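Understanding the architecture of this molecule
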Amino acid sequence: MTKFRCLIIDDEPLAHDIILTYVKDISFIEVVGQCYLATEALTFLGNQEIDLIFLDINMPKIKGLDFLRTLHKKPLIIITSAYEEYALESFELDVCDYLLKPFRFDRFLKAVNKALEIHQLKNNQGILSAINKNSVSEEQQQLFIKSDKRFIHIDLAEVYYLESYGNYVKVWLENDFHLAARTLGSFEEQLHNTSFFRIHKSFIINRKYIDYLEGNTLVMKNKKSLPVGKNYRMEIKRFM
């Protein structure tokens, strides 16, 4: 099995030592880089392929979340912080998990297992997407998600919208949903060049099921009302 390539970004040497100690007991990951400032990490990421970053928040020069916003192509991110008040903001940036310092090995292992699962799902779906890209129409494309320990096959044409739900995503059909252990951002990458597009930091919709737009609210054909984020209003109005 190919090792999961990881980078530690934290201004505290003790934090590096703890992660390095934990990693020794996990066979599928290896630390290939250590940075004590986020500015150092920008240079490192320009020269190395990284699968996962362990990222502190409260650092000099550039805070962890501000650094995260600068990344165009983001690896998977696990936040390691002593401050719990940044958790909601972190999950809005599609991080995999949020470890509150000091964290134990079992909690660390749970976080990296979740990251590995998301990584494998993205790779598997990328292969499926490449196979189907030129051989099927948009309505025939399929979605495979892991929900409640099962892989579920869903026809994209039946999906009304996707809703971010903490560490998960609700994949909504007409009147019910499947809960997927993935980030909304990973779905957005997979659904590029389909009938799906983002209308809010928490919602991606299937344009074929739009009923009408009223103010900053989009009403779907199943009568569900969804908010339109201010950064997406011009795009949705151009489409309408």
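If you're wondering where the values come from, they're calculated on a predicted model, not measured in any experiment.

The helix and strand tally for the protein chain stands at seven helices and 15 strands. Looking at the protein chain as a whole, 46% of its 240 residues qualify as buried. For the protein chain, contacts bridging at least 24 residues in sequence account for 53% of all contacts bridging at least 6. Counting every atom, the protein chain has about 12900 Å² of accessible surface; 50% of that belongs to carbon and sulfur.

Look at the link from Lys101 to Pro102: it is a cis peptide, with omega at -10°. With respect to the secondary-structure elements, Pro102 resides in the loop between strand 5 (97-100) and helix 5 (105-132).

A word on the sheet that holds strand 13 (residues 210-214). Spatial strand order, 13-14-15: three strands in an open sheet with antiparallel pairing. The open sheet has two edge strands, strand 13 and strand 15 (225-227), and neither has a second partner. The mean inter-strand angle of the sheet, taken between neighbouring strand axes irrespective of direction, is 25°. With three bridges connecting them, strand 14 (residues 217-220) and strand 15 associate as antiparallel partners.

As a further point, take the packing of aromatic side chains. To describe a pair of aromatic rings, one takes the distance between the centres and the angle between the planes. The full count for this structure, using the stated rule, is ten aromatic pairs. Between Tyr22 and Phe108, the aromatic rings sit 5.3 Å apart at their centres with planes inclined by 50°, giving tilted as the arrangement. Here the residue Tyr22 occupies a position in helix 1 (residues 13-23), and Phe108 occupies one in helix 5, the gap between them amounting to 86 residues. Owing to a relative accessible area of 16%, Tyr22 belongs among the buried residues under this scheme.

Of the positions making up helix 2 (residues 38-47), those classed as buried are Ala38, Ala41, Phe44 and Leu45. Summarising the axial view, the buried residues of helix 2 lie within an arc of 100°, below the 170-degree limit, and thus occupy one face. Exposed residues pointing more than 90 degrees away from the buried face of helix 2 are listed as Thr43, Gly46 and Asn47. Where the residues of helix 2 are buried, they touch strand 1 (4-9), strand 2 (29-35), strand 3 (52-55) and helix 3 (64-70).

Once that is clear, we can look at the pattern of salt bridges. When the charged atoms of two side chains lie near each other, side chains of opposite charge can form a pair. For the structure on display, the rule yields eleven salt bridges. Note that Lys201 and Glu92 form a salt bridge whose closest N and O atoms lie 3.0 Å from each other. With Lys201 in the loop between strand 11 (196-200) and strand 12 (203-206) and Glu92 in helix 4 (residues 87-92), this pair connects stretches of sequence that are 109 residues apart. For Lys201, a relative accessible area of 39% puts it in the partly exposed group. Members of the salt-bridge network, linked through shared partners, are Asp10, Glu12, Asp56 and Lys101.

Within the fold, Asn206 resides in strand 12. There is a polar contact of 2.8 Å between the side chain of Asn206 and the side chain of Ser195.

This part covers helix 1. Within helix 1, the full set of buried residues consists of Ala15, His16, Ile19, Tyr22 and Val23. End-on, the buried residues of helix 1 take up no more than an arc of 130°, which puts them together on one face.

The next thing to look at is the sheet that holds strand 12. Reading across from one edge, 10-9-8-12-11 is the order of the five strands in this open sheet, with antiparallel pairing throughout. Every other strand in the sheet has two partners, leaving strand 10 (177-180) and strand 11 as the edge strands with one partner each. Neighbour-to-neighbour, the strand axes of the sheet open up by a mean angle of 25°, direction not taken into account. Relative to strand 12, strand 8 (residues 161-165) is paired through three bridges, and the arrangement is antiparallel. Pairing of Leu162 across the sheet is with Ile204, part of strand 12.

Here is what the cut-offs are and how they apply
Note that residues are indexed from 1 along each chain, following the sequence as it is written. Totals for whole chains, interfaces and linings use every residue, but because this is a predicted model, local features are given only for residues with pLDDT of at least 70 and side-chain atom pairs only at 80 or more, for both listing and counting. Side-chain numbers come from the whole structure's heavy atoms, not from hydrogens or water. Note on conventions: DSSP H or I runs of at least 4 residues are helices, E runs of at least 2 residues are strands, and numbering of each starts at the N terminus. We call a residue buried when its accessible area falls under 20% of the maximum for its residue type, exposed when it is over 50%, and partly exposed in between, using a 1.4 Å probe and counting protein chains only. Between two residues, a contact is recorded if the distance between any of their heavy atoms is within 4.5 Å. Here the accessible surface of atoms and residues is derived via Shrake-Rupley with a 1.4 Å probe, and residues count as covered only by protein chains that are part of the display. Note: two strands are recorded as paired if DSSP finds a minimum of 2 bridges between them. Angles run from 0 to 180 degrees between N-to-C directions of axes, and those axes are lines fitted to C-alpha atoms, restricted for helices to the stretch in contact. To pair, rings of Phe, Tyr and Trp, with the six-membered ring standing in for Trp, must have centres within 6.5 Å; the planes then decide the type, stacked if under 30 degrees apart, edge-to-face if over 60, and tilted in the middle. What the arc covers is the set of directions going from the helix axis to the C-beta atoms. Between Lys or Arg on one side and Asp or Glu on the other, a salt bridge is scored when a side-chain nitrogen of the former is within 4 Å of a carboxyl oxygen of the latter. Under this definition, polar contacts are N or O atom pairs within 3.5 Å; protein pairs additionally need one hydrogen-donor-capable and one acceptor-capable atom, and for neighbouring residues in sequence, both atoms have to be side-chain atoms.

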